[in-house]
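Residue strings, one per chain:
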Amino acid sequence: MKNNRRKLLWVTGAMGALVILLLLLFVALPSVINLRPVKTRILRDLSNSIDGEVTGKRIDVSLLPSLHFAFHQIHLSKDDKFSGNLSTLIAYPQIIPLMRGELKLNKLKLIAPSLEIKIDQRPADKGDILDNLKVGQLSKNVIEQLTKAAAKASALSVQIEDGQLRLAAKNRPPFRFSAINGSIQFPPNKLQVNMACESNLWTTLSVNIEIETGLAVNGSINVAGLQPQLISSYVLPPRFAKVADGDVNLEAAFESGDFQTLHLSFQGSVPRLTLVENGRQLTIKCERLKGSVDLSANKLSADVAELHLNYPEVNLSGSFLRQTQPARYQLFLKGKEVDVASTRHVSLALLHRFSVARKIFEIVRGGMVPEITFATHGHSVHDLGEAENIHIVGSMKNGNIFVPKADLDLTEVFGKVDISNGILTGENLRARLKNSTGTKADLRIGLRGDDAPFRLDILIDADLAQLPPILLRVVKNERFDNEINLIDSFEGKATGRLVLGDSLDSVKAVVDVADIELNAVYQRLPYPLHIESGGCEFLFWC
């Protein structure tokens with residue numbers, strides 16, 4: 001028992017002596033360690049790392065929770081490019097090198113940093129925006145930056161707490177970032193970045209990136225409440241529609257084996273995106289967005305698995321391919337439950353520069369398309385809008401189609417529509433023209449030039465009161481117009497076939513009546529004209 005008590009006393013005494021020794025060391029440490037060269041060395045290294053100047057007013061040293069130096073009232077700057085302040089900068093040195101008179105840091109902690117960076121006011125490139133997506137150059141830049149990081153901050157860990165950043169460009173509103181919290185782990189093993197912040201560009205943003213020394217990379221970016229109108233002028237070419245307002249939520253994950261290829265998957269929503277084009281404002285609303293992008297040295301491909309739009313009302317999926325050697329572009333879209341009216345409104349606003357788009361939606365004006373496919377190809381982005389490269393196949397339900405030259409507004413249109421080689425073709429259509437109905441209609445309209453092909457062949461159950469105005473619009477002949485104007489009354493019903501064609505600049509009208517019931521008053525006849533039954537055929541040329 002006495003031996004146990006003696007051992008306990010020895011242990012207690014040793015621990016007490018150790019505590020006293022640590023307290024003495026803690027008190028005497030600032031006197032033992034000459035803080036001035038330590039301060040000078042750390043600030044000099046930081047100045048070299050930013051290629052600028054870092055200054056501090058006061059330095060403290062502490063042993064708990066581990067040996068560290070705390071710099072207060074830090075100021076950093078580089079010419080007129082950036083400047084900032086830190087409330088406190090805490091540096092954690094490696095103990096063994098420090099005992100040899102060397103200063104190597106394990107960790108830096110930046111508390112309440114506030115930085116302002118001046119950025120160039122550069123307009124978006126006027127060329128192909130896809131030309132900037134070059135993996136080879138991106139890989140080269142990453143390797144250079146990793147090499148510099150490994151040399152200047154090998155194995156260094158940097159923590160940021162409650163940071164602020166302001167990016168300022170001349171004559172533009174600044175970009176402000178606040179509540180910046182995160183960490184950066186520098187090579188030699190790997191580069192790790194975990195960061196989160198708030199901004200006037202978005203509500204919240206979080207970024208996680210990990211890059212191995214062999215350039216294997218993976219990471220994720222999550223952004224909520226992105227305001228695209230604030231950055232659109234920096235990333236979009238001038239010819240693109242102006243982004244007036246917006247709200248974007250996006251989650252993206254990316255990976256690469258060697259930085260020669262890159263795979264990106266994404267999903268999100270766009271509750272509101274307001275665009276202004278050609279003086280017209282429209283708002284697009286996307287409920288769901290999901291897809292992926294693959295990028296290599298000579299190829300970019302994008303797949304959209306789901307694009308559910310509330311306005312315009314359409315569900316889309318599709319793919320895009322851009323290849324450089326040889327140059328090749330391909331775009332394929334598949335739509336379901338497409339509301340033609342809202343899609344027409346958006347398309348005419350955004351695609352008004354493309355004559356094919358204008359012509360298509362001059363003809364197709366409303367209705368519902370249960371399913372449609374759109375495919376185009378070419379050697380450049382511009383080629384994608386050329387009529388000879390576009391192929392569209394769809395079915396129409398309760399549609400509205402306008403037939404030019406004859407100025408026919410067909411409603412309740414049902415049937416299949418095909419657009420290829422610059423020609424719109426409708427097969428086995430049925431439609432209504434006011435009080436008349438038509439079936440088994442074939443429609444063919446060229447989309448290029450005033451002399452484009454045109455033909456309408458339709459079996460019709462007609463209200464004859466509608467026939468004279470149609471003939472007046474189609475037949476451009478003064479004598480014929482005079483005769484039509486001599487008809488004071490033209491009523492009845494008829495069944496037969498109406499054929500209009502064969503080109504937009506020279507329309508021929510053929511009326512083949514199988515059965516007719518007609519009451520008319522014609523000024524050249526002394527009595528009213530009445531026909532109870534029978535058939536006839538008329539041929540009119542414009």
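Structure: see above.
Residues numbered from 1 in each chain as written. Predicted model: local features only at pLDDT ≥ 70, side-chain atom pairs only at ≥ 80, totals over all residues. Heavy atoms only, no water.

## Some remarks on the overall build of the protein chain
For clarity, the cut-off: By the criteria applied, helices consist of DSSP H or I runs no shorter than four residues and strands consist of E runs no shorter than two, each listed in order from the N terminus. The classification of residues rests on relative accessible area computed with a 1.4 Å probe and restricted to protein chains. Under 20% of the type maximum is buried, over 50% is exposed, and intermediate values are partly exposed. Here, two residues are considered to be in contact whenever any of their heavy atoms come within 4.5 Å of each other. Reported accessibility uses the Shrake-Rupley method at a 1.4 Å probe radius. Residues are deemed covered only where the shown protein chains occlude them.
A tally of helices and strands in the protein chain yields 9 helices and 26 strands. Every one of the 542 residues in the protein chain was classed for burial, and the buried ones make up 39%. Taking contacts inside the protein chain between residues at least 6 apart in sequence as the whole, the part at least 24 apart equals 51%. Surface exposure of the protein chain reaches about 30600 Å², of which carbon and sulfur atoms provide 55%.

## Concerning the packing of aromatic side chains
Applied cut-off: Pairing of aromatic side chains requires ring centres within 6.5 Å, counting the rings of Phe and Tyr and the six-membered ring of Trp. Pairs whose planes differ by under 30 degrees are stacked, by over 60 edge-to-face, and all others tilted. Lysine NZ or arginine CZ positioned within 6 Å of the ring centre and within 35 degrees of the ring normal marks a charge as sitting over the ring.
Evaluation of the coordinates by the stated rule reveals 2 aromatic pairs. For the pair Phe177 and Trp202, a centre-to-centre distance of 5.6 Å together with 55° between the ring planes defines the contact as tilted. Here Phe177 is found in strand β7 (residues 175–185), whereas its partner Trp202 is found in the loop between β8 (190–199) and β9 (204–212), with 25 residues between them in sequence. Judged by relative accessible area, which is 11%, Phe177 ranks as buried. When the centroid spacing of 6.3 Å and the interplanar angle of 55° are considered together, the rings of Phe320 and Tyr329 count as tilted. Here the guanidinium or amino end of Lys107 rests over the ring plane of Tyr92, the centre of that ring lying 4.6 Å away. For the cation-ring pair, Arg430 lies above Phe414, with the distance from its terminal atom to the ring centre recorded as 4.3 Å.

## Description of the packing of helix α8 (residues 467–474) against helix α9 (residues 478–485)
Note the cut-off: Axes here mean lines fitted to C-alpha atoms, for a helix over just the part in contact, with angles spanning 0 to 180 degrees between N-to-C directions. For classification, angles of less than 35 degrees are called roughly parallel, those exceeding 145 degrees roughly antiparallel, those between 65 and 115 degrees roughly perpendicular, and all remaining angles oblique. Handedness of a helix crossing follows the sense of rotation of the near helix relative to the far helix, less than a right angle counterclockwise being left-handed and clockwise being right-handed. When residue character is reported, Ala, Val, Leu, Ile, Met, Phe, Trp, Tyr, Cys and Pro are called nonpolar, Asp, Glu, Lys and Arg charged, and the others, Gly included, polar.
At their nearest, the axes of α8 and α9 sit 10 Å apart, and the two run at 165° to each other. Accordingly, the angle class assigned to the pair α8 and α9 is roughly antiparallel. With respect to the hand of their crossing, α8 and α9 are arranged in left-handed fashion. Seen from α8, the contacting residues are Pro468, Leu471 and Leu472; seen from α9, they are Phe480, Asp481, Ile484 and Asn485. Across the contact of α8 with α9, the residue classes break down as 5 nonpolar, 1 polar and 1 charged.

## Points about the environment of Glu198
Within the secondary structure, Glu198 is located in strand β8. For the pair Glu198 and Phe177, spaced 21 residues apart in sequence, the C-alpha to C-alpha distance is 5.7 Å. Discounting residues that sit within four places of it in the chain, Glu198 has contacts with Arg176, Phe177, Ser178, Ala179 and Thr203.

## Describing the pairing of strand β22 (residues 453–463)
Operational definition: Pairs of strands are assigned from DSSP output, requiring at least two bridges between the strands.
Relative to β22, strand β21 (residues 436–446) runs antiparallel, the two being bridged by 7 bridges. By the bridge assignment for β22, Asp442 is matched with Asp457. Where β22 lies against strand β23 (residues 487–503), 11 bridges are found, and the strand directions are antiparallel. From the neighbouring strand, Ile458 faces β23, where its bridge partner is Leu498.

## Some thoughts on the nonpolar core
Selection rule: Nonpolar cores were defined as sets of buried Ala, Val, Leu, Ile, Met, Phe, Trp, Tyr and Cys residues, with membership established by side-chain atoms within 4.5 Å.
Phe71, Leu108, Leu408, Phe454 and Leu500 are the most contacted members of the largest nonpolar core, which has 106 residues in total. Membership of the second largest hydrophobic core comes to 6 residues, among which are Leu295, Leu300, Phe320 and Tyr329.

## Examining the pairing of strand β14 (residues 299–311)
Judged from the 10 bridges that link them, strand β13 (residues 280–295) and β14 form a sheet pairing that is antiparallel. Among the inter-strand pairings, Asp294 is bridged to a residue of β14, identified as Ser301. The antiparallel hairpin formed by β13 and β14 contains 3 residues in its connecting segment. Note: β14 against strand β15 (residues 314–324), 9 bridges, orientation antiparallel. Note on β15: the bridge partner recorded for Lys299 is Gln323. Connecting β14 to the next strand, β15, in antiparallel fashion are 2 residues.

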